[in-house]
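Secondary and tertiary structure notes
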Amino acid sequence: MTAQILIVEDEAKLAQFIELELKYEGYEVTTTYDGFEGLTQARELNPDLLILDWMLPGISGLEICRRLRQTGSTVPVILLTAKDEISDRVEGLDAGADDYVVKPFSVEELFARVRAHLRRNQDEPSEVLQFADIRLNTSTREVYRNNRAIELTAKEFELLRYLLLHPRQVLTRDQILERVWGYDFMGDSNIIEVYIRYLRLKLEAEGESRLIKTVRGVGYALRD
């Protein structure tokens with residue numbers, strides 16, 4: 001089945017170039033140039049992947065992403081932006097984006113990320129993952145510790161899911177970057193420490209024991 005991709009980008013020439021190249025690769029593509037129209041199309045079309053510019057007329061790409069996540073949408077979102085500070089990347093990922101591409105970029109790099117996110121969605125069946133008193137449902141995206149529901153952002157969810165898929169195994173920072181972010185995050189692994197801290201705060205909010213352990217100089221492991 002051909003994947004359907006929605007592009008929301010107000011730079012018409014860039015949007016049309018990406019659209020033509022994606023169609024050449026065999027994807028079905030819809031393009032819009034306005035934030036409000038982009039949000040409407042995302043809800044009506046239910047695409048397999050969304051390529052979303054950060055700065056848009058109407059409402060921003062960041063706000064589109066937030067609103068989709070608030071309604072339970074799990075569509076992979078790749079943000080396009082000229083913003084390149086770590087704080088900007090964290091803000092984008094916190095809003096629910098799955099990936100982050102800084103302008104200017106090569107079309108080959110963008111398409112590699114498109115393929116990676118589409119492949120990841122196709123390869124991973126729905127299941128319930130559990131370790132100790134943590135439960136994660138990959139289909140409903142619900143997370144519980146004991147009977148306490150925990151609200152996670154899209155990237156926090158993916159990080160916890162990856163840890164739960166490899167209990168007690170030491171996962172290196174490079175492994176986490178590749179599997180959770182889908183690429184080397186510009187050579188800066190500080191983003192991992194930020195999200196590990198977020199996860200720990202939420203998982204230990206009521207004084208629960210620490211299960212995500214730091215393995216100094218290597219990475220992290222989920223251990224009793």
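Treat the numbers as computed from the prediction; the structure is a model and nothing was measured.

Viewed as axis vectors pointing N to C, helix H6 (residues 154-165) and helix H8 (residues 190-203) meet at an angle of 85°, and their least axial separation amounts to 10 Å. Put simply, H6 runs roughly perpendicular to H8. Counting all contacts with H6, which are made through Lys-155, Glu-156, Leu-159, Leu-160 and Leu-163, the residues of H8 involved are Tyr-195, Ile-196, Tyr-198, Leu-199, Lys-202 and Leu-203.

The domain architecture assigned to the chain consists of domain 1 (4-118) and domain 2 (128-222). One C-alpha centre belongs to domain 1, the other to domain 2; they are set 25 Å apart. Buried area between domain 1 and domain 2, both sides added, is near 1,200 Å², and the carbon and sulfur share of it is 61%. For the interface between domain 1 and domain 2, the tally reads zero salt bridges. Our enumeration of links across domain 1 and domain 2 arrives at one residue pair in polar contact (both at pLDDT 80 or more). Within the residue set of the side of domain 1 that touches domain 2, elements represented by two or more residues are helix H4 (86-94) and strand S5 (99-102). Considering each element in turn, the side of domain 1 that touches domain 2 owes the most residues, five residues, to H4. Looking at the side of domain 1 that touches domain 2 residue by residue, the class counts come to five nonpolar, two polar and six charged.

In this section: the nonpolar core. One finds Leu-160, Ile-176 and Trp-181 to be the most contacted residues of the largest nonpolar core, which totals 31 residues. Elements supplying a minimum of two residues to this core: H4, strand S6 (128-131), strand S7 (134-137), H6, helix H7 (173-181), H8 and strand S12 (219-222). With seven residues, the single largest contributor to this core is H8. Once residues lying within four places of it in the same chain are set aside, the contact partners of Trp-181 are Leu-93, Asp-98, Asp-99, Lys-155, Ile-176, Ile-191, Ile-192 and Tyr-195.

The next thing to look at is the UniProt feature "modified residue: 4-aspartylphosphate" (unreviewed entry) in the chain. The positions that UniProt labels "modified residue: 4-aspartylphosphate" (unreviewed entry) are, in the present scheme, Asp-53. Tracing the chain through its elements places Asp-53 in strand S3 (residues 49-53). Taking the relative accessible area as the measure of exposure, Asp-53 reaches 4% and is therefore buried. Once you skip the residues sitting within four places of it in the chain, Asp-53 turns out to touch Val-8, Glu-9, Asp-10, Gly-61, Leu-80, Thr-81 and Lys-103.

Okay, the pairing of S3 next. For S3, the tally of buried residues reaches five of five residues, placing the bulk of the element in the interior. Taking every second residue as pointing to the same face, both faces of S3 are buried, with Leu-49, Ile-51 and Asp-53 on one and Leu-50 and Leu-52 on the other. In terms of strand pairing, strand S1 (residues 4-8) meets S3 through four bridges, oriented parallel. Residue Ile-5 lies in a different strand from S3, and its bridge partner there is Leu-49. Inspection of the sheet shows S3 paired to strand S4 (residues 77-81) by four bridges, in the parallel sense. Within S4, the residue paired with Ile-51 across the bridge is Ile-78. You can see the chain leave S3, run along helix H3 (residues 61-70) and come back into S4, and the turn it takes is right-handed.

In this section: the environment of Asp-224. Along the chain, Asp-224 turns up in the segment after S12. The class of Asp-224 is exposed, set by a relative accessible area of 57%. For the pair formed by Asp-224 and Leu-211, sequence separation is 13 residues and the distance between their alpha carbons is 5.7 Å. One polar contact links Asp-224 to Arg-168, side chain to side chain, over a distance of 3.0 Å.

This paragraph deals with the pattern of salt bridges. As enumerated under the stated definition, the model contains 18 salt bridges in all. Across the pair Arg-168 and Asp-224 runs a salt bridge whose closest N-O atoms are separated by 3.0 Å. Highlighted residues: Arg-168 in the loop between H6 and strand S10 (171-172) and Asp-224 in the segment after S12, separated in sequence by 56 residues. Each member of the pair, Arg-168 as well as Asp-224, carries the same accessibility label: exposed.

The rules behind each value
Residues numbered from 1 in each chain as written. Predicted model: local features only at pLDDT ≥ 70, side-chain atom pairs only at ≥ 80, totals over all residues. Heavy atoms only, no water. Axes fitted to C-alpha atoms, helices over the stretch in contact; angles between N-to-C directions. Helix = DSSP H or I, 4+ residues; strand = E, 2+ residues; numbered from the N terminus. Parallel < 35°, antiparallel > 145°, perpendicular 65-115°, else oblique. Contact = heavy atoms within 4.5 Å. Domains from an automatic or database assignment. Buried area = accessible area lost by both parts, 1.4 Å probe. Salt bridge = Lys/Arg side-chain N within 4 Å of Asp/Glu carboxyl O. Polar contact = N/O pair within 3.5 Å; in protein donor to acceptor, adjacent residues only side chain to side chain. Nonpolar A, V, L, I, M, F, W, Y, C, P; charged D, E, K, R; others polar. Core = buried A, V, L, I, M, F, W, Y, C linked by side-chain atoms within 4.5 Å. Buried < 20%, exposed > 50% of the residue type's maximum accessible area, 1.4 Å probe, protein only. UniProt positions renumbered as here; feature names shortened; annotations may be inferred. Pairing = 2+ DSSP bridges. Right-handed = clockwise from strand over helix to strand, strands pointing away.

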